[in-house]
Amino acid sequence: MLRLPQLVIDGGIPLKGTIKVSGSKNSSLPCLFAALLTDDECFLENVPDLMDIDTTCLLLEHLGKKIERGEGTVRVKKAKKANPVAPYDLVTRMRASALVLGPLLARYGRASAALPGGAPSGTGPSTFILRD
C-alpha cells in the first residue's frame, strides 16, 4: 500500500489562519501559450513573477497579443495581426518556448521557432518549421 507523506501536529491548540499558495510556472506557461488559440481576451490569476513568465509575455506580444500584467495576474488580448514566427532571441531564453509551436500550428497551419536553449555548438541557429 502506498504511504503518503504526512504532517502530524501534536499540541491541542487548533490551527487558524491563511496561507497564500504561489502559482505554478509549469501550469502558467501552457495556459499563456494557449491564449494564441483565440482572439478572445484571456485572464490568468495566480501567475508567478518569474523570468520565464516575462519572456513568455514578450513572445506573446511579438506574436500579436497585448499583455497587461498585474499583481499575480496576466490579461492577454488581441493587439494586431498574428505573426506565426517566434523570434530566435526570445525562444532561446527558455526551454518551455517549444510550447508555442502547437497553438501556432493549430491556429495558423504553420509555425516556426528556434530550438529552445540555443543552437548546438558549432552550428547556426536550428529551427523548427511546422506546416499542416
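Let us look at the structure shown here. Note that residues are indexed from 1 along each chain, following the sequence as it is written. Where totals are concerned, whole chains, interfaces and linings use all residues; where local detail is concerned, this predicted model gives features only for residues with pLDDT of at least 70, and gives and counts side-chain atom pairs only at 80 or more. With hydrogens and water excluded, all non-hydrogen atoms of the structure serve as input to the side-chain values.

### Here we look at the side chain of lysine 65
- Looking at the element boundaries, lysine 65 is found in strand 2 (residues 65–70).
- Per-residue accessibility, obtained with a 1.4 Å probe over protein chains only, is compared with the maximum for each type, and a residue is labelled buried under 20%, exposed over 50%, and partly exposed between these values. Under the counting rule used here, the positive set is Lys and Arg, the negative set is Asp and Glu, and His together with the chain ends is not counted. When a carboxyl oxygen of Asp or Glu is within 4 Å of a side-chain nitrogen of Lys or Arg, the pair counts as a salt bridge. For lysine 65, which is buried and forms no salt bridge, the nearest opposite charge comes from aspartate 39, at a distance of 4.3 Å.
- At 3.2 Å, the side chain of lysine 65 and the backbone oxygen of alanine 35 are in polar contact.
- Of the polar contacts made by the side chain of lysine 65, one reaches the backbone oxygen of threonine 38; its length is 2.5 Å.
- Sequence-distant contacts of lysine 65, that is, excluding residues within four places in its chain, are made with Ala35, Leu36, Thr38, Asp39, Leu60, Val76, Lys77, Lys78 and Ala79. Helix numbering and strand numbering both begin at the N terminus, where a helix is a DSSP run of H or I of at least 4 residues and a strand a DSSP run of E of at least 2. Polar contacts, as used here, are pairs of N or O atoms within 3.5 Å; protein pairs need one atom able to donate a hydrogen and one able to accept it. Residues neighboring in sequence count only if both atoms are side-chain atoms. Throughout, a residue-residue contact means that at least one pair of heavy atoms, one from each residue, lies within 4.5 Å.

### Some words on a nonpolar patch on the surface
- Taken together, the side chains of Leu7, Ile9 and Leu15 present a nonpolar region at the surface, about 390 Å² in accessible area.
- By secondary structure assignment, the location of leucine 7 is in the segment before helix 1 (25–34). Each patch groups residues whose relative accessible area exceeds 30% and which form no salt bridge, using 9 Å between like charges and 5 Å between nonpolar side chains of Val, Leu, Ile, Met, Phe, Trp and Tyr. Note on areas: these come from Shrake-Rupley sampling with a 1.4 Å probe, and a residue is covered only by the protein chains present in the view.

### What about the nonpolar core?
- As used here, the term nonpolar core means buried Ala, Val, Leu, Ile, Met, Phe, Trp, Tyr and Cys residues forming a set that is joined through side-chain atoms within 4.5 Å. Core analysis: the biggest nonpolar cluster contains 27 residues, and Leu32, Phe33, Leu36, Leu59, Val74, Val76 and Val100 have the highest contact counts within it.
- For this core, the leading source of residues is helix 2 (residues 51–62), giving four residues.

### Comments concerning the state of the cysteines
- Any pair of cysteine sulfurs within 2.5 Å is marked as a disulfide. With the rule as written, the count across this model stands at zero disulfides.
- For the unlinked cysteine cysteine 31, the closest cysteine sulfur is that of cysteine 42, found at 9.5 Å.
- Owing to a relative accessible area of 44%, cysteine 31 belongs among the partly exposed residues under this scheme.

### What to know about the sheet that holds strand 3 (residues 73–78)
- Spatially, three strands are ordered 1-3-2 in an open sheet, and the strand pairing comes out antiparallel. The open sheet has two edge strands with one neighbour each: strand 1 (42–45) and strand 2. If you compare each strand with its neighbour and ignore which way they point, the axes differ by 15 degrees on average.
- Note: strand 2 against strand 3, six bridges, orientation antiparallel. Paired with glutamate 68 across the bridge in strand 3 is arginine 75.
- The strands touched by helix 2 within the sheet are strand 2 and strand 3, with strand 2 carrying the most contacts at an inclination of about 150 degrees. Strand pairing requires that DSSP identify at least two bridges connecting the strands. A fitted line through C-alpha atoms represents every axis, and for helices the fit uses only the stretch in contact; the resulting angles, taken between N-to-C directions, go from 0 to 180 degrees.

### Looking at the pattern of salt bridges
- Inspection of every chain in the model, using the stated rule, returns nine salt bridges.
- For aspartate 39, the salt bridge is made with arginine 107, and the minimal N-O distance between the two is 3.0 Å. In this pair, aspartate 39 sits in the loop between helix 1 and strand 1 while arginine 107 sits in helix 4 (residues 101–108), placing the two residues 68 residues apart along the sequence.
- According to the relative accessible area criterion, aspartate 39 is partly exposed, its value standing at 37%.
- Between arginine 69 and aspartate 49 there is a salt bridge, with its nearest N and O atoms 3.6 Å apart.

### A word on unusual backbone geometry
- The backbone of asparagine 46 sits at a positive phi, close to 60 degrees, despite the residue not being glycine.
- Following the sequence through the fold, asparagine 46 ends up in the loop between strand 1 and helix 2.

### A short note on the environment of lysine 65
- What makes lysine 65 buried here is its relative accessible area of 6%.
- Through-space distance from the C-alpha of lysine 65 to that of leucine 36 is 7.9 Å; in sequence the pair is 29 residues apart.

These results come straight from atomic positions and should not be treated as a statement about function.
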